[in-house]
Amino acid sequence: MSILVIGGTGTLGRQIVKQALDEGYQVKCLVRDFRRGAFLKDWGAELVYGDLSIPSTLPLAFKGVNIVIDSATVRSTSSYTSERIDWRGKLAILEASKLAGIKKFISFSVLNAAKNPSIPLMALKLKMEKKLEQSGINYTIFQCSGFFQGLISQYAIPILEKQPIWITSESTNINYIDTSDVAKFTLRSLALKEAECKEFPLVGLKAWNSKEIIQLCERLSGQAAKITQIPLGILILLKTVTGFFEWGTNISERLAFAEVLATGNNFTAEMQNTYDIFAFDKNDTISLESYMQDYFGRILRRLKELSDEKERSL
Ligand SMILES: NC(=O)c1ccc[n+]([C@@H]2O[C@H](COP(=O)([O-])OP(=O)(O)OC[C@H]3O[C@@H](n4cnc5c(N)ncnc54)[C@H](OP(=O)(O)O)[C@@H]3O)[C@@H](O)[C@H]2O)c1
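As the structure is a prediction and not an experimental result, all values here were calculated from the model.

Participant: Pulling in residues and values, what's your account of the sheet that holds strand β2 (residues 26-31)?
Facilitator: Sheet strands pair via backbone hydrogen bonds, and the direction of the pair is either parallel or antiparallel. In spatial order, the strands read β3-β2-β1-β4-β5-β6-β8; together these 7 strands make up an open sheet with parallel pairing. Edge positions in the sheet fall to β3 (46-49) and β8 (198-202), since each of these pairs with one other strand and no more. Here the strands of the sheet are splayed against their neighbours by 20 degrees on average, with no regard to which way each runs. The pairing of strand β6 (residues 139-144) with β8 spans 5 bridges and is parallel. Bridging across to β8, Ile 141 finds its partner in Glu 199.

Participant: Tell me about the packing of aromatic side chains, residues and numbers included.
Facilitator: Using the criterion set out here, one finds 11 aromatic pairs in the structure. Arranged with centres 6.1 Å apart and planes meeting at 45 degrees, the rings of Phe 185 and Tyr 275 form a pair that is tilted. Here Phe 185, found in helix α6 (residues 179-189), pairs with Tyr 275, found in helix α10 (residues 272-277); they are 90 residues apart in sequence, far enough to count as distant. On the basis of an interplanar angle of 25 degrees and a centroid distance of 4.2 Å, the ring pair of Phe 185 and Phe 280 is categorised as stacked. Placement of Phe 185 in helix α6 and of Phe 280 in the loop between α10 and α11 (288-313) is noted, with a sequence separation of 95 residues between them. With respect to burial, Phe 185 and Phe 280 carry one shared label: buried.

Participant: Mind laying out the pairing of strand β5 (residues 104-110), listing which residues take part and the relevant values?
Facilitator: With 7 of 7 residues buried, β5 is to be regarded as a mostly interior element. Two strands pair when backbone bridges link them, and strand β4 (residues 67-70) and β5 are joined in this way by 4 bridges, in the parallel orientation. What sits directly across from Ile 67, in β5, is Lys 104. Traced from β4 through helix α3 (residues 82-100) to β5, the parallel crossover comes out right-handed. By the bridge criterion, 6 bridges tie β5 to β6 in an arrangement that is parallel. Looking at the pairing, Ser 109 lines up with Gln 143 of β6. In this view, the connection linking β5 to its parallel neighbour β6 by way of helix α4 (residues 120-134) has right-handed handedness.

Participant: Summarise the pairing of strand β1 (residues 2-6); cite the residues concerned and give the values.
Facilitator: Among the 5 residues in β1, 5 count as buried, and that is most of the element. Burial of β1 is two-sided: the residues Ser 2, Leu 4 and Ile 6 facing one way and the residues Ile 3 and Val 5 facing the other way are all buried. Of the strand pairs in this sheet, β1 and β2 are connected by 5 bridges, and their pairing is parallel. By the bridge assignment, Val 5 is partnered in β2 with Cys 29.

Here is what the cut-offs are and how they apply
Residues numbered from 1 in each chain as written. Predicted model: local features only at pLDDT ≥ 70, side-chain atom pairs only at ≥ 80, totals over all residues. Heavy atoms only, no water. Pairing = 2+ DSSP bridges. Helix = DSSP H or I, 4+ residues; strand = E, 2+ residues; numbered from the N terminus. Axes fitted to C-alpha atoms, helices over the stretch in contact; angles between N-to-C directions. Phe/Tyr/Trp six-rings, centres within 6.5 Å; stacked < 30°, edge-to-face > 60°. Buried < 20%, exposed > 50% of the residue type's maximum accessible area, 1.4 Å probe, protein only. Right-handed = clockwise from strand over helix to strand, strands pointing away.

See the structure below:
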């Protein structure tokens, strides 16, 4: 079976590529920059050029492919809008999939998208879910919460670098999940009849709020965080101002996301049904504690080595 991964250079995509190759699938990755995708080629994937912002570049990549796994999304630093990538680009890959007679299409949506239509990216994800359901293609949609990996830049690095962490007075709980666990469910769904034409929530075992994550990082790093609380009113004002400018559209969307988080909507879901269907033992999932322990352990060891080297050279 040949898999086309779209978004293979991304946080989740790379885990999917790695596990798919380990399981013996032939993997093609649609990339817009061969240099950025070079590590995927080193792992054994074939690279094909394609850019979601230019639909005409897409169809060629689908040649000889049975399965499409789409883990692409607009980058927060991108000059493109989410509408261009996560809607028009996605419609183009759905069309190309139909034409190529794709047997299975896996897509990633956002948990609670239906409850938050005011956030443009969530509204697009929801529209895309509907399009897939109506497409006639055999699909599986995973509705994810946040990924562990995003917490490194949000909390761990600022604590290590003694930079301020901006939080609101939120009490929102989020069941973050490790992308390697998401990849495991993704690979299992490929041969699972019960996963055909269905949506599944896919979140971690435990819910965390910002303060708990900061406390965990403080404990593991042995350093105190510099916390700056931002009032909700300022967040809304910033969102409105950035939304006026084209360059600020993605920032404005992220701030809209932050606003939803600040108003206490929890991003949690009951997972038992998903575990049962995928025959997944919840004790096999990676906890945030062990993920962070591993991260800080590696970084602190490296910092110690660098400091020892410096001392020896004096
Ligand atoms: N991150 C989260 O916490 C979270 C939460 C819920 C759901 N999700 C969903 O999970 C999926 C994976 O998210 P992620 O965080 O792993 O994404 P990510 O790390 O931001 O990666 C995005 C991927 O999309 C690719 N991409 C962006 N624009 C493109 C374009 N014009 N043409 C071709 N490729 C393009 C990027 O390629 P380049 O390397 O070339 O930029 C990259 O491979 C997405 O569907 C996302 O919405 C994520």
